[in-house]
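Below are the chains, spelled out letter by letter.
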Amino acid sequence: MGGERPDEPAPAVSGRDTKALKVHRASRPEGTRVRAGAVEIGGPGFVVMAGPCAVEGSEQVERAAAAVASAGAHVLRGGVFKPRTSPYAFQGMGEPGLHVLAEAGRRHGMPIISEVMEPAQLPLMEESTDILQVGARNMQNYSLLRALGKARKPVLLKRGLSATLQEWLLAAEYILDGGNEQVMLCERGIRTFETELRNTLDLAAVAWAKQRSHLPVIVDPSHATGVPELILPMSLAAAAAGADGLLIEVHPRPEQAMCDGHQALTPERFQTLMRRLPAVLGAVDRHLWRPDGPAQVARAR
Ligand code: PEP
Ligand code: MN
């Protein structure tokens, strides 16, 4: 869109607005399905992405990958470029970490997702990851969004810390407008007056984004709550609210994590979560994603 009248106010994403945006549900009523390796996101199958906040080394990633794969996760996560609040905190392993993550993904048959922070990192990230994550702090990094519009890999766009729903969808519009249609939205909690939890999980935003846009919506209950005990109930609530999947931090030894250990699930807790999801998904006519899909399973019987 855009370009003709640069000073024009941003078109609203509300139902009353008639101006067509590429992100609007009306531009693709059947919904977008995103493909990452063999995994399809946005169809009837519910997709779980899990792994450590940050890649710390090959042993840590291998243990995390083995744990989440055996529990039934579909996509392996791990940050190698970390946007940290303090410049003195661990900033991620960079390129060597990416190769560690990619190898673990290959060993366990899972596509990988990792965060890209700036356009200069894109050639490397596009080459080696299956999904490019845009972190909350970069949701309005417009040069990054423009570059991702030209990328040939799917993008998971996290909602900014204080972004309105309009701003979130218009950020996605930048990527769609560049020609990349493989975009997912990710609700990861927003900053409110509440201080007990890391953020406030906006579940209405999930249902709203599903209705207003055609893009798959993923929920990240780890950053949304910052509390391991709340990740299970919020994951079930996200599934009930119509999310297409989850992004969850899991660490083999949370107490030793170099980043976000306070909110990481242990492998055991993650396994419990994976066991509890199918009942809620069944109640809303969904199921955990599987390569052969329910129709083919039924045909094979
Ligand atoms: C992350 O996924 O580790 C991360 C940095 O998330 P967010 O951008 O949502 O804070
Ligand atoms: Mn994190």
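The structure reproduced in this document is the subject of the present report. (Residues numbered from 1 in each chain as written. Chains lettered and ligands numbered in written order. Predicted model: local features only at pLDDT ≥ 70, side-chain atom pairs only at ≥ 80, totals over all residues. Heavy atoms only, no water.)

**With respect to the nonpolar core**
Part 1: Ranked by internal contacts, the top residues of the largest apolar core, which has 67 residues, are Phe-46, Leu-148, Leu-157, Leu-185, Phe-270 and Leu-277.
Part 2: The greatest single-element share of this core, amounting to seven residues, is contributed by helix α5 (residues 165-177).
Part 3: Beyond its immediate chain neighbours, meaning those up to four positions away, Phe-46 contacts His-74, Ala-239, Ala-243, Asp-244, Gly-245, Leu-246, Leu-277, Leu-281, His-287, Leu-288 and Trp-289. (Core = buried A, V, L, I, M, F, W, Y, C linked by side-chain atoms within 4.5 Å. Buried < 20%, exposed > 50% of the residue type's maximum accessible area, 1.4 Å probe, protein only. Helix = DSSP H or I, 4+ residues; strand = E, 2+ residues; numbered from the N terminus. Contact = heavy atoms within 4.5 Å.)

**Some points on the coordination of the manganese ion (ligand 2)**
Part 1: At 2.1 to 2.4 Å from the manganese ion (ligand 2) lie its protein donor atoms, namely Cys-53 (SG), His-223 (NE2), Glu-249 (OE) and Asp-260 (OD).
Part 2: As a motif over one chain, the donors of the manganese ion (ligand 2) read C-x169-H-x25-E-x10-D. Taken together, the positions of His-223 in helix α7 (residues 221-225) and Asp-260 in the loop between β10 (245-249) and α9 (267-283) put the pair 37 residues apart, joining distant regions of the chain. No difference in accessibility class separates His-223 from Asp-260, as the two residues are buried. (Donors = N, O, S within 2.8 Å, 3.2 Å for Na, K, Ca; no water.)

**Here's the deal with the site of ligand 1**
Part 1: In the vicinity of ligand 1, the contacting residues are Cys-53, Arg-77, Lys-82, Glu-115, Gln-133, Gly-135, Ala-136, Arg-137, Lys-158, Arg-188, His-223 and Glu-249.
Part 2: Within the side chain of Lys-82, a nitrogen or oxygen atom sits 2.9 Å from an oxygen atom of ligand 1.
Part 3: Arg-188 is positioned such that a nitrogen or oxygen atom in its side chain is 2.6 Å from an oxygen atom of ligand 1.
Part 4: With the chains in place, 97% of the 300 Å² that ligand 1 exposes on its own is no longer accessible.
Part 5: In this structure, ligand 1 is accommodated by the second largest pocket.
Part 6: Split into classes, the residues belonging to the shell around ligand 1 amount to two nonpolar, three polar and seven charged. (Near = heavy atom within 4 Å. Polar contact = N/O pair within 3.5 Å; in protein donor to acceptor, adjacent residues only side chain to side chain. Areas by Shrake-Rupley, 256 points an atom, 1.4 Å probe, with all protein chains shown as cover. 1 Å grid on protein atoms, 1.4 Å probe; cavity = no way out; pocket = protein on both sides within 12 Å on 5 of 7 lines; lining within 4 Å. Sits in = over half its atoms within 2 Å of the grid points. Nonpolar A, V, L, I, M, F, W, Y, C, P; charged D, E, K, R; others polar.)

**Examining the side chain of His-74**
Part 1: By the secondary structure assignment, His-74 is in the loop between α1 (58-71) and β4 (75-77).
Part 2: Separated by 2.8 Å, the side chain of His-74 and the backbone oxygen of Trp-289 make a polar contact.
Part 3: Residues contacting His-74, with those up to four places away along its chain left out, are Val-39, Phe-46, Val-47, Val-48, Met-110, Pro-111, Leu-288 and Trp-289.

Just geometry here; none of it tells us what the structure is for.
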